[in-house]
Every structure is written in structure tokens, then in C-alpha cells.
Amino acid sequence: MDEALFMQRALELAHKGSGYTAPNPMVGAVLVHNGRIIGEGWHHHYGADHAEVNCLRNVVEADRALIAESTMFVNLEPCAHYGITPPCSVRLVQEKIRRVVIANCDPYEKVSGKGIEILKQGNIIVETGLLPEAGLWLNRRFFCFHRAQRPYIILKWAKTREGFMAPEDRHRFRITGEAAIQLSHKWRTEESAIMVGTTTARFDNPQLTARKWPGKQPLRIVIDRTLKLPEEMHLFDDAAATWVVNEKIEGLKGNVHYVKLDFTDDLLPALLKKMAEARLLSVIIEGGANLLNQFLERDLWDEARVLTGSVSLAEGVAAPLPRNANLVYSSDIGSDRFELFTHLQNPFTYPKSGTPEL
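Remember, predicted model here, so these are calculated numbers, not experimental data.

Colleague: Just checking my understanding: could you explain the packing of aromatic side chains for this structure?
Modeller: Where two aromatic rings form a pair, the distance of their centres and the angle of their planes describe that pair. As enumerated under the stated definition, the model contains eight aromatic pairs in all. For the pair Phe-142 and Phe-143, a centre-to-centre distance of 6.2 Å together with 90 degrees between the ring planes defines the contact as edge-to-face. For the pair Phe-142 and Phe-143, one class covers both residues: buried. Seen from their ring centres, Phe-143 and Phe-348 are 6.4 Å apart, and the 55 degrees between their planes marks the pair as tilted. Separated by 205 residues along the polypeptide, Phe-143 in helix H6 (residues 140–148) and Phe-348 in the segment after strand E17 (336–343) bring together distant segments of the chain. For the pair formed by Phe-143 and Phe-348, the shared burial category is buried. Clustering of aromatic rings is evident, with ring pairs tying together Trp-137, Trp-187, Tyr-329, Phe-338 and Tyr-350. Against the face of Trp-137 rests Arg-140, its NZ or CZ located 3.8 Å from the ring centre.

Here it is as C-alpha cells:
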């Protein structure tokens, strides 16, 4: 029996919660008796029952007597603390599950080995480290947040074949096709926040919402040092919560939170700290060139998603160039090209087998 297949199934189930579980991790659980799956579950959204509880709930009555003789495969260590829901490790002990196989230990200080200890004290056989790289990649936002105390940072831009991301006069110019645009909207639903700079906001008037894919809307963040952006812009509507990072005022106005920071100091680390305090696990930076280059020059990024369209521009605003980067995946999306880069110091490895979800 290839037990890695059951862990792979747990990872697939976990990903169903993408975009909904933050600031919690994505977790899937599979209960197996003599090679047969008798229960499955995943964490659907923040505040709801965890994967292990849902897995046990989905065991049919005829199989419930088998629970104590079964193995649960779960991609993250069962929790050990009382939060919105009771600790899953205690529930597994109560169910007298025979064995638990785990991909990754939980980095959260209130768990971090404590869940495993509860299981062992409850006479449950515990094994760890099955498909750990796949588990780390799936929950890289969660692991980065708890290890580095900052959001996981994704840079994203589109460029022409010549390497330009906008015309010289910055008028709106469509670079990628509909499939790539839809994919970009899907990406937005999977992150806690989305950020642009002042110039991009002024010239593009972006909505920064996921309109072409169902899912949760990310927090919108715009850098506007002196508050010169007009309030008629899409960013100031009620379509999603918005942070306006500035040096003048702090406060709320409808769905807009004005976040005051010191621009004469080191702005990006201060902003990332503010985001971490708000429990934002990830942010996708969508431009413009100046803001993207600031993150690149500071080595403040974890992965970059670059879309190259089939259109041409004779001249324009030069797109950023990934630095200290590994190209880990590429594919065609219609007539466009997608490339995924990870930072050389990114500890989370993109799985080499198959085509795992981003």
C-alpha cells in the first residue's frame, strides 16, 4: 500500500479551502482502514470545524466501529489549543484512532509539537514527514507568516514580448488574453491582500477585485503618500475593504482605512509589520514598476509570477527583471506565457512532480 497516495489526497482536500481559511492553514484529512478510505474532510473556512473533525463526521454509520482501527493522514499537525474550535488532537484521542500520519509539524507557537505530544500521550502511533515538501509548499503563506513574522510576498506583472509592462504615456494597454486575466483574478482570491503604487492607481484606476473568479475578495492596499488620489476612483468604493497607506492621517472612512506610516523611514518593513499585526498571511503586488522594483531591490519577495503576452510595444515602461531567482515552472496560457520564479532564499520548494496548485 502506497501511503503517499493517501497524503496526496489529504493535500488535495486541503487545497479546497484556498483563499478561505486564512489566517488558519489549509488542512485536509483522510481516514483509512486496511487500504480503504472511510472518511475525508478539510477545513472549509476560518472559524469552521477543522479537517479532522469533518473527516470523522463523514464516516458512515456502518464504518464507525472501524475508526479505532484506522490511520488518519493529515497534512498538518492536529491543533492542541482551544480557539474558535476545540483542539483536534484531543478529539482524535477521544476517538481512539490507532495511528496518525502527518506531513508537517505546525509552526504556530500554541501548537508546535504540542498536538503530537497529546496524541502520543493518548497511545496513538504518530509518524511525521510524509510528503513534507508538498505540505510546506501548500501552506507556505502560513509557514512564512509564523517563521518570518511577515506576509508571504508574491510579485506579479505582465509584459510584452519586448519586455514592456505599459506604454510610455501609461495609457491602458491590454497585454494578456482573457484566460490569463481570469487566472490573475483567481490568484487574487487566494491571497489576503493585493497592493499597488500611486502611479498605477492614478493611471489605471484599478478595481483590484476578483470579478472573473468566485471567491473571497482580498484587502486592497494602495500607497498614496500625500493623499493625492481622487476619491472617485474605484479603490474608494465599497467593493472591498481598502488600506490607503499615507503620511498624513489615520482613521476609517466607510470601507477605507487610512494607515499612517513614516515615509522618511524604511517604509516597506514598517508596512509589512503593520500587515502582520492585522494577521494578513500574504500579499500579491500587482504594480507598478516602481513598487515592484522596490521589493526586488530589497530582496523582500518570495515568488514572482510573470505573464508574457503576444502583443508588442516599440517602447514603454520597462518591466522588472527577477533577481536572485529560480525559474521553477512555466506553461502556456492561450497565446500568453506564464513563468513562476521563487527567490533563491525561499525555503519552500515547488514540487517537481506533477503540476501542483499555486
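Colleague: Please clarify how the pattern of salt bridges should be interpreted in this entry.
Modeller: Side chains that differ in sign of charge can pair as their charged atoms come close. Following the criterion strictly, the structure yields 20 salt bridges and no others. The shortest N-O distance in the salt bridge between Asp-302 and Arg-150 comes to 2.9 Å. Separated by 152 residues along the polypeptide, Asp-302 in the loop between helix H10 (289–297) and strand E14 (303–308) and Arg-150 in the loop between H6 and strand E6 (152–159) bring together distant segments of the chain. A residue is classified by how much of its surface remains accessible, and Asp-302, at 5% relative accessible area, is buried.

Cut-offs applied
By convention here, each chain's residues receive numbers from 1 onward along its written sequence. Where totals are concerned, whole chains, interfaces and linings use all residues; where local detail is concerned, this predicted model gives features only for residues with pLDDT of at least 70, and gives and counts side-chain atom pairs only at 80 or more. Only hydrogens and water are set aside when side-chain values are computed; all heavy atoms of the structure are taken into account. A pair of Phe, Tyr and Trp rings is counted when the ring centres sit within 6.5 Å of each other, with Trp represented by its six-membered ring. The angle between the planes then sorts it: under 30 degrees is stacked, over 60 is edge-to-face, the rest tilted. Remark: exposure states derive from per-residue accessible area (1.4 Å probe, protein chains only) relative to the maximum for the residue type, with buried under 20%, exposed over 50%, and partly exposed in between. Secondary structure elements are taken from DSSP: a helix is a run of H or I of four residues or more, a strand is a run of E of two residues or more, and numbering for both begins at the N terminus. By the criterion adopted, a ring carries a charge over it if an Arg CZ or a Lys NZ lies within 6 Å of its centre and within 35 degrees of its normal. By definition here, a salt bridge exists when the distance from a side-chain nitrogen of Lys or Arg to a carboxyl oxygen of Asp or Glu is within 4 Å.

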